[in-house]
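Breakdown of the fold
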Amino acid sequence: MDLSIQITIDSENPHKQAVWWAETLGWTVEPSDPDFIQQMIDEGHASEDETLIFDGELVWRSGAGICPLDQLGKVPRQRILFQLVAEPKTVKNRIHLDLDLGDRHVAREKLLDRGATFLHEASQGPFAWYTLADPEGNEFCIR
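Residues numbered from 1 in each chain as written. Predicted model: local features only at pLDDT ≥ 70, side-chain atom pairs only at ≥ 80, totals over all residues. Heavy atoms only, no water.

**A few points about the environment of alanine 46**
How we decide: Secondary structure elements are defined from DSSP: runs of H or I of at least 4 residues count as helices, runs of E of at least 2 residues count as strands, and each element is numbered from the N terminus. Pairs of residues are marked as contacts when any of their non-hydrogen atoms sit within 4.5 Å.
Here alanine 46 shows up in the loop between helix 2 (34-42) and strand 3 (51-54). C-alpha separation for the pair alanine 46 and phenylalanine 127, spaced 81 residues apart in sequence, amounts to 50 Å. Setting aside residues up to four positions removed in sequence, alanine 46 forms contacts with Met40, Ile41 and Trp60.

**Description of the pattern of salt bridges**
For side chains bearing opposite charge, pairing can occur when the charged atoms are close. Under the convention used in this document: Salt bridges are defined by distance alone: a side-chain nitrogen of Lys or Arg within 4 Å of a carboxyl oxygen of Asp or Glu. When accessible area is computed with a 1.4 Å probe and restricted to protein chains, residues below 20% of their type maximum are described as buried, those above 50% as exposed, and intermediate ones as partly exposed.
Evaluation of the coordinates by the stated rule reveals 6 salt bridges. A salt bridge links lysine 89 to glutamate 139, with the nearest nitrogen and oxygen atoms 3.3 Å apart. Highlighted residues: lysine 89 in the loop between strand 6 (78-84) and strand 7 (97-99) and glutamate 139 in strand 10 (residues 139-142), separated in sequence by 50 residues. With relative accessibility at 31%, the residue lysine 89 sits in the partly exposed group. By sharing partners, the salt bridges in this structure join Glu30, Arg77 and Arg79 into a single network.

**Topic: the sheet that holds strand 9 (residues 127-133)**
Here is the rule we go by: A strand pair is defined by DSSP finding two or more bridges across the two strands. Here the axes come from fitting lines to C-alpha atoms, over the contacting stretch only for helices, and the angles between their N-to-C directions go from 0 to 180 degrees.
The 4 strands lie next to each other as 7-10-9-8, forming an open sheet whose pairing is mixed. Both edges of this open sheet fall to strand 7 and strand 8 (117-124), since each of them pairs with a single strand only. If you compare each strand with its neighbour and ignore which way they point, the axes differ by 25° on average. Sheet strands in contact with helix 3 (residues 104-113) are strand 8, strand 9 and strand 10, and its direction is about 5° off that of strand 9.

**Focus: the sheet that holds strand 1 (residues 5-11)**
The strands making up a sheet associate through hydrogen bonds between their backbones, and the pairing can be parallel or antiparallel. As summarised here, the arrangement of the 4 strands in space is 1-6-5-2, forming an open sheet in which the pairing is mixed. Each end of this open sheet is capped by a strand with a single partner; those strands are strand 1 and strand 2 (28-29). Those strands touched by helix 1 (residues 14-25) are strand 1, strand 2, strand 5 (63-67) and strand 6, and its axis lies near 10° from that of strand 5.

**What to know about the packing of aromatic side chains**
For clarity, the cut-off: In this scheme Phe, Tyr and Trp rings, the latter by its six-membered ring, pair at centre separations within 6.5 Å, and the angle between planes marks the pair as stacked below 30 degrees, edge-to-face above 60, and tilted otherwise. In our convention, an over-ring charge means Lys NZ or Arg CZ found within 6 Å of a ring centre and within 35 degrees of that ring's normal.
This model, assessed by the stated rule, comprises 4 aromatic pairs. Between tryptophan 20 and tryptophan 21 the ring centres are 5.1 Å apart and the planes differ by 80°, which places this aromatic pair in the edge-to-face class. Judged by its relative accessible area of 2%, tryptophan 21 is buried. Judged by centre distance (5.0 Å) and plane angle (70°), the ring pair of tryptophan 21 and phenylalanine 140 falls under edge-to-face. You can see tryptophan 21 sitting in helix 1 and its partner phenylalanine 140 sitting in strand 10, a full 119 residues away along the chain. With respect to class, tryptophan 21 is no different from phenylalanine 140; both count as buried. The aromatic ring of tyrosine 130 is capped on one face by arginine 104, whose charged end is 4.8 Å from the ring centroid. Cation over ring: arginine 114 sits above tryptophan 20, and NZ or CZ is 4.7 Å from the ring centre.

**Concerning unusual backbone geometry**
At the junction of valine 75 and proline 76, the peptide bond is cis and its omega measures out at 5° in the coordinates. As for its placement among the helices and strands, proline 76 is situated in the loop between strand 5 and strand 6. Positive phi, normally seen in glycine, also occurs at aspartate 55, with a value near 55°. Mapping aspartate 55 onto the fold places it in the loop between strand 3 and strand 4 (57-60). The exposure class assigned to aspartate 55 is exposed, which follows from its relative accessible area of 73%.

Here it is as structure tokens:
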């Protein structure tokens, strides 16, 4: 059975978060369709206030999605959607991602260089992990 799942993450800047997480996971940012967006504006179904220019392209302001490259354009697929919210993150996440990115020490250094924040190290029995935060403060673990 193919698994179709979308995880939605509230974000102050969905497009920047999508780029950061796509690079982190080795996924791809789902492409925008500027012609379709412009058509929706021209026909009165959307307003220019609902859009912005990101990386030189017309996109919807409200969000950006990422998925594994081999699943791009397919349904079902695994997907993370970064959804625009007005308020900044203020408390600890109630859900977080646990990632295996290879050597966790090397991964931690690469993520820190790209804007992650180291929060703490933990272990349980033979298992150890680092907890970090992405550029908007969302916690995640690497093991």
